[in-house]
Amino acid sequence: MKSILYYSIVFLLLFNSCSNTSEDIAKEEELTPDTMYFPENTSDYWESTTIAELNWNTNNLQPLLDFLEEKNTKSFMILHNGKIVLEEYMNDHSNTKSWYWASAGKTLTTTLTGIAQDEGLLNIEHKVSDYLGTGWTSVTIEQENLITCKHLLSMNSGLDDSLGDDVSSENLQYLADAGSRWAYHNVYVKMQDVIASASNQEWSEYFNSTLRDKIGMTGQWINLGDLSVYWSNTRSMARFGLLIAAQGTWKDSQIIPQDFLTDATNTSQNINKAYGYMWWLNGKDSYHLPASQIEFNGKLIPNAPDDMFAALGKNDQKIYIVPSKKLVVIRMGEAADEDNFALSTFDNDLWAKINALIN
């Protein structure tokens, strides 16, 4: 894997030349649940529309598909207003095969947190030790009591992110007071333990009953070393993206509280403006990258619409939501170029190709 310094320099050179934009982004023609199409939960049928019907640039479709295949993509989908515009499988993948979400699945934990809070099981403003008991870290009681559930969602717990993915208490050590430092850290998975404790259920059981089964997803959580990773087919990822694009509703049901989802998809702390509750945010005037304390000026993904927000996972697993364009975009596959944590230069290159198609 290339060094963090290398990635930082690459991002700085590619992105900092772009002009900054206001954080107050107008979301014209924003998707609303009553205008969107939702597939049935128990059927494989999913209504589609065509590039021609949307007056997109058909001549730019094949260059996009060639680029995706060349960049180790396994599946790619575009939804417009809930309907499928593109659904492509390549590089020995198919619509029935599962693939890992990697850190794009962090947003599933965010979603379950909002549902559990709406059910009165937890409060993200409360400290984590209210649910897990004291001693879930190796820091002092005073330091531990500063860490709230919101800090885990926002990646500013203050715990040392340089010690690897292990989230045993011995490996969760103090580096700064909670709220004073942003760092991309696997400690977020403790929110799954919080939810399991608060709901008195296994994490996967609560996930299946409150989210997966309600929107017709398939898939499962698989423990890989110190990580709990979600695996599913591409359409399940697209269903989740559609739920988010529909402001947390599925047909006539409000699955995720809209106020919580609004908070989750806006800046959650004052250090990394491009980060919500595990959602990455475009259109801000600065951003931080995983495993780096450098602040970069400019937008996260300059070629993407300013109101785009995204679930981004290792080796270029992507869920892009663009309210102003009525789009959900899904990409699964191997790393487009080099291994990466979540963000890569591929995001910007891909959006150049998407723009050529849709604009």
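Residues numbered from 1 in each chain as written. Predicted model: local features only at pLDDT ≥ 70, side-chain atom pairs only at ≥ 80, totals over all residues. Heavy atoms only, no water.

Draft legend 1. Region of interest: the sheet that holds strand E4 (residues 220-224). Read across the sheet, 3 strands follow the order E3-E5-E4 without closing on themselves; strand pairing throughout is antiparallel. Of all strands in the sheet, those bounded by a partner on one side alone are strand E3 (99-100) and E4. Where E3 meets strand E5 (residues 227-232), 2 bridges bridge the pair, whose relative direction is antiparallel. Within E5, the residue paired with Trp 99 across the bridge is Ser 232. (Pairing = 2+ DSSP bridges. Helix = DSSP H or I, 4+ residues; strand = E, 2+ residues; numbered from the N terminus.)

Draft legend 2. Representation of the side chain of Ser 236 in the model. Mapped onto the fold, Ser 236 is located in helix H9 (residues 234-245). Residue Ser 236 is classed as buried on the basis of its relative accessible area, which comes to 2%. Setting aside anything within four residues of it in sequence, one finds Ser 236 in contact with Trp 101, Met 217 and Thr 218. (Buried < 20%, exposed > 50% of the residue type's maximum accessible area, 1.4 Å probe, protein only. Contact = heavy atoms within 4.5 Å.)

Draft legend 3. Highlighting the pairing of strand E13 (residues 327-333). The buried fraction of E13 amounts to 7 of the 7 residues, a majority that puts the element mostly inside the structure. The alternating pattern of E13 places Leu 327, Val 329, Arg 331 and Gly 333 on one face and Val 328, Ile 330 and Met 332 on the opposite face, and all of these are buried. Here 7 bridges tie strand E1 (residues 73-80) to E13, and the two strands are oriented antiparallel to one another. Note on E13: the bridge partner recorded for Met 77 is Ile 330. By the bridge criterion, 5 bridges tie strand E12 (residues 317-322) to E13 in an arrangement that is antiparallel.

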